[in-house]
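Residue strings, one per chain:
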Amino acid sequence: MDLDSSSLRLLDTQDGTVLNSQAIHSIRVWGVGRDNGRDFAYVARDRTTRKHMCHVFRCDTPARQIANTLRDICKKIMTERSQGLACQVDTNGAGLQKMAITRPDNLPNLKKAGETNGQKITFERQYQSTSFPTPMEEPKKVIKCHYLGTAHVHKPTGIDILNSAMERVYAKVPPEKWAFVDVAVAPSTITVSEHKKSDNVLAECRVRFLSFMGIAMRNVRICGYIMHNANDQFVCHVFHCEPSAGALCKTIEAACKLRYQKCLDAHPPTPDGKKQSSKGFKDTLKQGVQSVFNTISKKKGSKS
């Protein structure tokens, strides 16, 4: 895989033949695998079928390097375009002036009666002025603490389940083997990496798959959360924080709330939908209560 300022190319390792070339501006989204840091994928529109296709790769090196390089290229393209659109040399060479971008209303020749300097807004100029998808980084907070390790649990929730897992890990791993890490908490991802070595990622968890979180009952410095992984298993990640684990848990709680708010914003309920869902919930609750009472009455009748 070869990345430059204009395209992402796949080359044959034997003779260097270009197997596929994807223009950078046609890539809509990219990311790194949730359970394997060497998986990389991007989505782009296929030139033949005009459908969006997802291209998936298994890399020999950490895929985050590719994702970061692609992000930097997009930032550079965006900066260059914004600088080119913000200023333009006038026809007399007198200086710089800002170019007014208006919404097109005609094709292919977009004439404007009041255009400055008598220039025409052509389709080519309007196409070049279209905005490039801006790469955005999520807000995140980094907390320094010790990472003790993980333990498998048989349920996704439960304070007893979480406390038992944290106690097992705490008793099993001696303090000298604790890893001093940076926990980067964002609305979508919790990334655990070695302190001052962000490339060495020890664990990367999606917030949407976090099922339970809490602080140990016997030690306020110990906390953990349970994640649902791709193998349909539940894994508890355990941390040791100073002076207490409250700051880390509060930060993760805020990330969960932001993630939930994003889901609500992406799927806003309609007024009709609210009424229907409310009515359906009441009916379901009523039926459930009735079934419980019927079951109790039947058991009493059978005993008598």
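If you're wondering where the values come from, they're calculated on a predicted model, not measured in any experiment.

What counts and how
Residues numbered from 1 in each chain as written. Predicted model: local features only at pLDDT ≥ 70, side-chain atom pairs only at ≥ 80, totals over all residues. Heavy atoms only, no water. Pairing = 2+ DSSP bridges. Helix = DSSP H or I, 4+ residues; strand = E, 2+ residues; numbered from the N terminus. Axes fitted to C-alpha atoms, helices over the stretch in contact; angles between N-to-C directions. Salt bridge = Lys/Arg side-chain N within 4 Å of Asp/Glu carboxyl O. Buried < 20%, exposed > 50% of the residue type's maximum accessible area, 1.4 Å probe, protein only. Expected span 1.5 Å × (residues − 1). Phe/Tyr/Trp six-rings, centres within 6.5 Å; stacked < 30°, edge-to-face > 60°. pLDDT = per-residue confidence, 0-100. Contact = heavy atoms within 4.5 Å.

(A) Inspection of the sheet that holds strand 2 (residues 7-11) at higher detail. Spatially, 1-2-3 is the arrangement adopted by the three strands of the open sheet, whose pairing is antiparallel. The two strands at the open ends of the sheet, each matched to only one other strand, are strand 1 (2-3) and strand 3 (18-23). For strand 2 and strand 3, the ladder comprises five bridges, and the chain directions are antiparallel. By the bridge assignment, Leu11 is partnered in strand 3 with Val18.

(B) The sheet that holds strand 5 (residues 39-45), seen in detail. With antiparallel pairing, the three strands of this open sheet are ordered in space as 4-5-6. Among the strands making up the open sheet, the edge pair consists of strand 4 (27-32) and strand 6 (52-58). For this sheet, the mean angle separating the axes of adjacent strands, direction not counted, is 15°. Bridging between strand 5 and strand 6 involves seven bridges; their strand directions are antiparallel.

(C) Highlighting the pattern of salt bridges. Considering all chains together, one arrives at ten salt bridges under this definition. Close ionic contact of Asp72 with Arg71 constitutes a salt bridge, the shortest N to O distance being 3.3 Å. Close ionic contact of Glu253 with Lys257 constitutes a salt bridge, the shortest N to O distance being 3.5 Å. Note that Glu253 and Lys257 are positioned in helix 4 (residues 246-266) at a spacing of four residues, about one turn of the helix. Given the relative accessible area of 54%, Lys257 is considered exposed. Residues participating in the shared-partner salt-bridge network are Asp2, Asp4 and Arg9.

(D) Molecular detail of helix 3 (residues 159-172). The first and last C-alpha atoms of helix 3 sit 20 Å apart over 14 residues, in line with the 20 Å expected at 1.5 Å per residue. Considered for burial, the residues of helix 3 that qualify are Ile161, Leu162, Asn163, Ala165, Met166 and Val169.

(E) Main features of the packing of aromatic side chains. Under the defined criterion, the tally for this structure stands at five aromatic pairs. Judged by centre distance (6.0 Å) and plane angle (20°), the ring pair of Tyr42 and Phe57 falls under stacked. A residue pair is termed long-range when its members are at least 10 positions apart, and Tyr42 in strand 5 and Phe57 in strand 6 qualify at 15 residues. Here the aromatic residues Phe40, Tyr42 and Phe57 are joined through ring pairs into a cluster of three or more.

(F) Inspection of unusual backbone geometry at higher detail. The residue after Glu242, namely Pro243, is reached through a cis peptide bond having omega 0°. Phi is positive for Lys196, which is not a glycine, with a value near 65°. For Lys196, the position within the fold is in the loop between strand 13 (189-194) and strand 14 (197-206). Backbone geometry places Asp232, a non-glycine residue, at a positive phi of 60°. Position of Asp232 relative to the elements: it lies in the loop between strand 16 (222-228) and strand 17 (234-240). By relative accessible area, which is 56% here, Asp232 ends up exposed.

(G) How the structure looks around the confidence of the model for the protein chain. Put simply, the protein chain has an average pLDDT of 77, and 70% of its residues get 70 or more. Every residue in residues 88-116 is under pLDDT 50, and counting partners more than four places away or in other chains gives 40 contacts. Across residues 273-279, confidence stays below pLDDT 50; counting only partners more than four residues off in sequence or on other chains, it has one contact.

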